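# Fold and geometry: a report
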Amino acid sequence: MPGEAMLAVRDLRVTFGPVRAVDGVSLEIGRGPFGVALVGESGSGKTTVGRAILRLVPAAGGTIRFEGQDVLGLRGRPLREYRRAAQMVFQDADNSLDPRMRIGATLGEVLRAHGLAAHGLAAHGPAGRGAVGDRVAALLREAALDPELASRYPHQLSGGQRQRVAIARALAVSPRLLVLDEPTSALDVTAQARILALVRRLREERQLAYLLITHNLAIIPELCEQAVVLYLGRVAETGPTAGLLARPAHPYTLALRSAVPEVDAAARRSRIILSGDTPHAAAPPPGCPFHPRCPLAVDACRTTVPELRAVAPGRQAACHRAGEVLAGLRPPGAAPQFRGQLADELP
């Protein structure tokens, strides 16, 4: 990644009692427009990483640096400034929007809380209220919403509209970094497409950098330059999105990649079904945490934790057989190479 990263996370650890929810995660996000995808199954620790980056959950170890500042050491005004510069769009807009507040009041509250309400005017006077209303209308238009929706309550909006309101709320303080937590989950295909189009437009117009948390690999090629695959709180694989999806180096990434819906029937037959459930983070298995479900596991996987190591230029993987997987090793019955529209269209 050329130049200094806007956000640099090193060896991040988050624990909840005996549970190692995040165990040594490292990633970098460059200056916008730039996107990093954090992908994995439910329970892999993706959301916890995002919350720890924004100081919403305490870190047990590691470092987080934003534009050179030690985020974990920030207090008082510098912390407030950081929370303006870095914002989160939460997964469930139904729970993150106050059902008792109209949309306009929700957005206006953010402006007032950060001293942006009236650009120097008295926030509670007529001029202040007018300035807040104008700014709220502008935010709604930027999120592809009708400003008339400012008078409505969240339950009067569709799921896609609520998610765009959540994005507008995050944009209200002009952040330079966004953490987008499953922004398309629980939405229909049409609403998903609109949210993704909005993110694509905003990243260019606002020069945004963001961490896109998702379990769906199909949405990341056009939005993210880099991808980090997480399993049981640890990085399984990381690298440029195009290369990582076209030629995975970790069996877990292979399985995730094979789950992307394909039109080609031959590509669908290469689906890799993982056996068993994800182990609980409170009692991880010995050796590689993925080995109980891995179709390519060997004896070393059951006893020795693989280190995250370079396997190709710009690529890292935590797998004893990463070189073989990168060279084309596949589980029995899987196609030697993934075919299909997504791989063909990767830039």
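About the criteria used
- Along each chain, residue indices are assigned from 1 in the same order as the chain's sequence is written.
- It should be noted that, the model being predicted, local features are given only for residues of pLDDT at least 70 and side-chain atom pairs only at 80 or more, the latter also being counted only at that level, while totals for whole chains, interfaces and linings use all residues.
- Note: side-chain values were computed over all heavy atoms of the structure, leaving out hydrogens and water.
- Two strands qualify as a pair provided that DSSP identifies no fewer than 2 bridges between them.
- Labels follow the DSSP assignment, with helices taken as runs of H or I lasting at least four residues and strands as runs of E lasting at least two, numbered in each case from the N terminus.
- Here the aromatic set is Phe, Tyr and Trp, taking the six-membered ring for Trp, and pairing holds for ring centres within 6.5 Å; pairs whose planes are under 30 degrees apart are stacked, those over 60 apart are edge-to-face, and all others are tilted.
- Summary of the burial criterion: residues with accessible area below 20% of their type's maximum are buried, those above 50% are exposed, and those between are partly exposed, where the area comes from a 1.4 Å probe applied to protein chains only.
- For helices, the axis comes from a line fit to the C-alpha atoms of the stretch in contact; other axes are also lines fit to C-alpha atoms, and the angle between any two N-to-C directions lies between 0 and 180 degrees.
- Each angle gets one of four labels, with under 35 degrees taken as roughly parallel, over 145 as roughly antiparallel, 65 to 115 as roughly perpendicular, and the rest as oblique.
- With the far helix as reference, a near helix turned anticlockwise by less than a right angle produces a left-handed crossing, and one turned clockwise produces a right-handed crossing.
- By definition in these notes, contact holds between two residues if any of their heavy atoms fall within 4.5 Å.
- All residues other than Ala, Val, Leu, Ile, Met, Phe, Trp, Tyr, Cys, Pro, Asp, Glu, Lys and Arg, Gly among them, are scored as polar; the first ten of these are nonpolar and the last four charged.
- Any carboxyl oxygen of Asp or Glu that lies within 4 Å of a side-chain nitrogen of Lys or Arg is treated as forming a salt bridge with it.
- Under the convention used throughout, the expected extent of a helix is 1.5 Å for every residue step, that is, one less than its residue count.
- Directions drawn from the helix axis to the C-beta atoms are what define this arc.
- N or O atoms closer than or at 3.5 Å make up a polar contact, with two conditions inside protein: a donor-capable atom paired with an acceptor-capable one, and, for residues adjacent in sequence, both atoms drawn from side chains.
- For every residue, the pLDDT score states the predictor's confidence, bounded by 0 at the bottom and 100 at the top.
- In plain words, nonpolar cores are sets of buried Ala, Val, Leu, Ile, Met, Phe, Trp, Tyr and Cys residues tied together by side-chain atoms within 4.5 Å.

### Digging into the sheet that holds strand β4 (residues 61–66)
- Spatially, four strands are ordered β2-β1-β4-β5 in an open sheet, and the strand pairing comes out antiparallel. The strands lining the two open edges of the sheet, one partner per strand, are β2 (19–29) and β5 (69–70).
- When strand β1 (residues 7–16) meets β2, the two strands line up antiparallel, connected through eight bridges. By the bridge assignment, L7 is partnered in β2 with I29.

### Digging into unusual backbone geometry
- In this model, G32 is joined to P33 through a cis peptide bond whose omega is 0°.
- Its location among the elements puts P33 in the loop between β2 and β3 (34–39).
- With phi around 50°, D11 is a residue other than glycine that occupies positive phi space.
- Looking at where D11 falls in the secondary structure, it is placed in strand β1.

### Re the packing of aromatic side chains
- One pass over the structure, following the stated rule, counts four aromatic pairs.
- For the pair Y231 and Y252, a centre-to-centre distance of 4.7 Å together with 65° between the ring planes defines the contact as edge-to-face. With a gap of 21 residues between them, Y231 in strand β9 (residues 226–231) and Y252 in helix α9 (residues 251–258) connect regions that are remote in the sequence. Summarising the burial analysis for this pair, Y231 and Y252 share the class buried.
- Between Y231 and F290, the ring centres sit 5.1 Å apart and the planes meet at 80°, which makes this aromatic pair edge-to-face. Residue Y231 is located in strand β9, and its partner F290 is located in the loop between α10 (265–268) and α11 (299–303); the two are separated by 59 residues in the primary sequence. Pair check on accessibility: Y231 and F290 agree, each one buried.
- Among the aromatic side chains, those forming a connected cluster through ring pairs are Y231, Y252 and F290.

### Points about the packing of helix α6 (residues 159–171) against helix α7 (residues 189–205)
- In contact at an axis separation of 9 Å, α6 and α7 are set at 20° when each is read in the N-to-C sense. What the angle tells us is that α6 and α7 run roughly parallel. Remark: the crossing between α6 and α7 carries right-handed chirality. Facing α6, whose interface residues are G160, Q163, R164, I167 and L171, α7 presents A191, R194, I195, L198 and L202.
- Split into classes, the residues belonging to the contact of α6 with α7 amount to six nonpolar, two polar and two charged.

### Things to note about the pattern of salt bridges
- As enumerated under the stated definition, the model contains 18 salt bridges in all.
- Of the charged contacts in the structure, one is a salt bridge between E41 and R293, with a shortest N-O distance of 3.0 Å. Here E41, found in the loop between β3 and α1 (46–53), pairs with R293, found in the loop between α10 and α11; they are 252 residues apart in sequence, far enough to count as distant.
- Looking at R293, the relative accessible area reads 7%, which means it is buried.

### Digging into α7
- Its 17 residues give α7 an end-to-end C-alpha distance of 24 Å, which sits within 8% of 24 Å, the value for a rise of 1.5 Å per residue.
- Burial in α7 covers these residues: A191, I195, L196, L198, V199, L202 and R203. Each buried residue of α7 lies within a common arc of 155° when the element is viewed along its axis, so the set occupies one face. Away from its buried face by more than 90 degrees, α7 exposes V189 and R194.
- The residue sitting at the N-terminus of α7 and contributing the capping side-chain oxygen is D188; that oxygen lies 3.1 Å from the backbone nitrogen of T190.
- Note on α7: the residue one or two positions beyond its end, Q207, has a positive phi of about 55°.

### Side note on the sheet that holds β9
- Strand order in this open sheet of eight strands is β6-β7-β8-β3-β9-β10-β12-β11, and the pairing throughout is mixed. With one partner strand each, in any of the chains shown, β6 (86–89) and β11 (309–312) form the two edges of the open sheet. Across the sheet, the mean angle from the axis of one strand to that of its neighbour is 20°, orientation sign disregarded.
- Sheet topology places β11 next to strand β12 (residues 315–317); three bridges connect them, and they run antiparallel. When the bridges of β12 are listed, A310 appears paired with Q316.
- Sheet strands in contact with α9 are β9 and β10 (234–240), and its direction is about 105° off that of β9.

### Thoughts on the confidence of the model for the chain
- Considering every residue of the chain, the mean pLDDT works out to 88; 88% of them sit at 70 or more.
- A low-confidence stretch, residues 119–127 stays under pLDDT 50, and its non-local contacts, those more than four residues away or across chains, total 10 contacts.
- Counting contacts from residues 337–347, a segment whose pLDDT is below 50, to residues more than four positions away or on other chains yields 25 contacts.

### Examining the side chain of R293
- A distance of 3.0 Å separates polar atoms of two side chains, one belonging to R293 and the other to E41.
- For R293, the side chain forms a polar contact with the side chain of Y231, separated by 3.4 Å.
- Setting aside anything within four residues of it in sequence, one finds R293 in contact with E41, Y231, L274, S275, G276, D277, T278 and P279.

### Things to note about the nonpolar core
- Judged by nonpolar contacts, the single largest core of 64 residues is most densely connected at Y210, L212, I220 and Y252.
- The next biggest cluster of nonpolar side chains, apart from the first, holds 34 residues, and it includes L12, V22, L54 and A85.

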